[in-house]
Amino acid sequence: MTQCFHVLVNGESRECKAGETVSDLLRELDIRPDRVAVEVNLEILDKGAFGTRGLKDGDRIEIISFIGGGSLPINKYRDVT
Amino acid sequence: MNDDRLIIAGREFKSRLWVGTGKYKDFVETKKAIEASGADVVTVAVRRVNITDRSKENLLDYLDPKKYTILPNTAGCYTVEDAVRYARLARAAGVSDLVKLEVIGDERTLFPDTAGLIEAAKILIKEGFVVLPYTNDDPIVAKKLVDIGCPAVMPLAAPIGSGLGIRNPYNLKIILETVKVPIIVDAGVGTASDAALAMELGADAVLMNTAIAGAKDPIMMAEAMRYAVDAGRLAFKAGRIPRKLYATASSPIEGML
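Sequence order as written defines the numbering, with residues in each chain counted from 1. Starting at A for chains and at 1 for ligands, labels are handed out in the order in which the entities are written. Since the coordinates come from a predicted model, pLDDT governs what is reported: local features require at least 70, and pairs of side-chain atoms require 80 or more to be given and counted, while whole-chain, interface and lining totals use all residues. Excluded from the side-chain calculation are hydrogens and water; included are all heavy atoms of the structure.

A word on the overall build of chain B
Item 1. Strands are runs of DSSP state E lasting at least two residues, helices are runs of H or I lasting at least four, and both sets are numbered from the N terminus onward. Each helix and strand counted, chain B has 8 helices and 10 strands in total.
Item 2. Atoms counted for the radius of gyration: C-alpha only. Globule rule: 2.2 Å times residue count to the power 0.38. The C-alpha atoms of chain B give a radius of gyration of 19 Å, which matches the 18 Å a tight globule of 257 residues would have.
Item 3. Reported as C-alpha extents along the three principal axes, the dimensions of chain B are approximately 85 × 40 × 35 Å.
Item 4. Remark: exposure states derive from per-residue accessible area (1.4 Å probe, protein chains only) relative to the maximum for the residue type, with buried under 20%, exposed over 50%, and partly exposed in between. Every one of the 257 residues in chain B was classed for burial, and the buried ones make up 52%.
Item 5. The contact criterion used throughout is that any non-hydrogen atoms of two residues lie within 4.5 Å. Across chain B, contacts joining residues at least 24 apart in sequence account for 65% of those joining residues at least 6 apart.
Item 6. Accessible area for chain B stands at about 12200 Å²; split by element, carbon and sulfur atoms hold 53% of it.
Item 7. Charged residues are defined narrowly, with Lys and Arg counted positive, Asp and Glu counted negative, and His plus the chain ends left uncounted. A single reference atom marks each charge: NZ on Lys, CZ on Arg, CG on Asp, CD on Glu. In chain B, the 33 positive side-chain charges and the 32 negative ones have mean positions that sit 1 Å from each other. With residues, only the protein chains shown are counted as cover, and all accessible areas are computed by Shrake-Rupley using a 1.4 Å probe.

Here's what the structure looks like:
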């Protein structure tokens, strides 16, 4: 049986399989890697590391992109891509 | 106007009107307004990707990176740590080394925390960022930002989204005389005459979002702003006449009956 564990992706809990990488996660979420930045436990990854960085139980992952913005307080601007 | 280029940190820009991409009805309207404005620099915010609803379109699908310089901002950041983190994420997303740095001091006014701004700018400049700081209309802070290596300064005209226009033209004038880098008047513009006035004062460019996106007809307002910025720039370069209290006749007296 494949081992499962949980990570937090953009604040939401998600189940991952052993051996899963950041690239795998982006593919599952249907997110183009060229448009985003990924932070794992506050460490920003080079895009080149997406394919090799394995996920571990409890990892806190942030996937960010660009949205329309001039300047607005963050709490009024949660609605993304 | 064509040879009157704005150059910042070796990058050349055709338009002196820069625009934000927030508050539009949809991406189609955003795209049309930007096209009507003639801007070649557009600001974007850095936010979490919506992972639950992937059907939503991406802003970058509507902004050709070959046509526009994408300028990520750190809008919504209230601490040095947050602003630095957002700037690093923006660069990692692969757009460029440019960042419009905002460290906001207060939610009600959205005025910049200038002490935090200088601190964050120092960190990012050391990391190789081209930092364009959103700051107060304070000549001393503007000079400090230039001294630490900012290639341009972006003082506000009035609070973000307020539409109050240029509240302190004299301070802007002093900033323009104090620092010798491009000055981009950012935030507070309400209508075309505000943009023209900023340019007439000698500003190198104007950045706005709400004045266009919040207008009844954003696309028409974008066009109005384009003309206003061009007109203001030409008037500045042409050199206005001095103000006098009394009349000076334009028609000759000679030849009168």
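Points about the overall build of chain A
Item 1. Regarding its fold elements, chain A presents 1 helix and 5 strands.
Item 2. Across the 81 residues in chain A, those meeting the buried criterion constitute 49%.
Item 3. For chain A, contacts bridging at least 24 residues in sequence account for 46% of all contacts bridging at least 6.

Some remarks on the confidence of the model for chain A
Item 1. Values of pLDDT, which run from 0 to 100, indicate the predictor's confidence residue by residue. Averaged over all residues, the pLDDT of chain A equals 83, while 83% of them reach at least 70.
Item 2. Scored below 50 in pLDDT, residues 72-81 of chain A makes 36 contacts in the model with residues more than four places away or belonging to other chains.

Concerning helix α3 (residues 114-126) of chain B
Each α-helix turn comprises 3.6 residues. Residues three or four places apart therefore point the same way.
Item 1. Spanning 13 residues, α3(B) covers 18 Å between terminal C-alpha atoms, matching the ideal 18 Å at 1.5 Å per step.
Item 2. One or two steps after α3(B), the chain reaches G128(B), where phi turns positive at roughly 90°. Under the convention used throughout, the expected extent of a helix is 1.5 Å for every residue step, that is, one less than its residue count.

With respect to the interface of chain B and chain A
Item 1. Each side of the interface is counted separately: chain B has 41 residues, and chain A has 34 residues.
Item 2. Both faces considered, chain B and chain A share a buried interface measuring about 3500 Å² in area, 57% of it formed by carbon and sulfur atoms.
Item 3. The largest share of the area that chain B buries against chain A comes from R47(B), R48(B) and I51(B), three residues that together contribute 23% of it.
Item 4. In the sections that follow, a salt bridge refers to a side-chain nitrogen of Lys or Arg positioned within 4 Å of a carboxyl oxygen of Asp or Glu. Counting the contacts that link chain B with chain A gives 3 salt bridges.
Item 5. In this structure, the salt-bridge partner of D61(B) is R35(A), at a minimum N-O distance of 2.8 Å. Accessible area that two parts lose when put together, with a 1.4 Å probe and added across both, is what the buried area reports.

Thoughts on the packing of helix α1 (residues 27-37) of chain B against helix α8 (residues 218-238) of chain B
All names here are of chain B.
Item 1. Angular values range over 0 to 180 degrees, each being the angle between N-to-C directions of two axes fitted as lines to C-alpha atoms, with helices fitted over their stretch in contact. Packing of α1 against α8 leaves a shortest axis separation of 7 Å and a crossing angle of 20°. By the criterion of interaxial angle, the relationship of α1 to α8 is roughly parallel. For the pair α1 and α8, the crossing hand works out as right-handed. Along the contact surface, α1 presents E29, K32, A33, E35, A36 and S37, while α8 presents P218, I219, A222, E223 and R226.
Item 2. Within the contact of α1 with α8, the residues separate by chemical class into 5 nonpolar, 1 polar and 5 charged. Note on terminology: angles under 35 degrees are roughly parallel, angles over 145 are roughly antiparallel, angles of 65 to 115 are roughly perpendicular, and the others are oblique. The crossing is said to be left-handed when, going from far helix to near helix, the turn is anticlockwise and less than a right angle, and right-handed when the turn is clockwise. Classification used: nonpolar for Ala, Val, Leu, Ile, Met, Phe, Trp, Tyr, Cys and Pro, charged for Asp, Glu, Lys and Arg, polar for all others including Gly.

Notes on the side chain of T74(B)
Item 1. With respect to the helices and strands, T74(B) occurs in the loop between β5 (69-73) and α2 (80-92).
Item 2. T74(B) has contacts with A83(B), Y86(B), A87(B), V99(B), K100(B), L101(B) and E102(B), leaving out every residue within four places of it along the chain.

A few points about the nonpolar core
Item 1. Of all hydrophobic cores here, the largest spans 69 residues; its most connected members are M208(B) and M225(B).
Item 2. Here M208(B) is in contact with L17(B), W18(B), V19(B), G20(B), V189(B), A195(B) and M225(B), once residues within four sequence places are set aside.
Item 3. Side-chain atoms within 4.5 Å link the members of a nonpolar core, which is a set of buried Ala, Val, Leu, Ile, Met, Phe, Trp, Tyr and Cys residues. Counting residues in hydrophobic clusters, the runner-up holds 19 residues, among them C16(A), L26(A), I61(A) and I51(B).

Things to note about the pattern of salt bridges
Where charged atoms from two side chains of opposite charge approach closely, those side chains can pair.
All names here are of chain B.
Item 1. Counted under the stated rule, the structure contains 20 salt bridges over all chains.
Item 2. Notably, a salt bridge pairs D4 with R16, separated by 3.2 Å at the nearest N-O pair. Separated by 12 residues along the polypeptide, D4 in the segment before β1 (6-8) and R16 in the loop between β2 (11-13) and β3 (17-20) bring together distant segments of the chain.
Item 3. When its relative accessible area of 6% is taken as the criterion, R16 is described as buried.
Item 4. Overlapping salt bridges, with partners in common, bring together D4, R16, R233 and K237 in one network.

Here we look at unusual backbone geometry
Item 1. We note that L42(A) has phi near 70°; this positive angle belongs to a residue other than glycine.
Item 2. Note on L42(A): relative accessible area 64%, which makes it exposed.
Item 3. Backbone geometry places L110(B), a non-glycine residue, at a positive phi of 55°.
Item 4. When you line up the elements, L110(B) lands in the loop between β6 (98-101) and α3.
Item 5. For L110(B), a relative accessible area of 9% puts it in the buried group.

What to know about the confidence of the model for chain B
Item 1. Scored by pLDDT, chain B has a mean of 93; 98% of the residues are at 70 or more.
Item 2. The complex model carries a pTM of 0.89, and its ipTM stands at 0.83.

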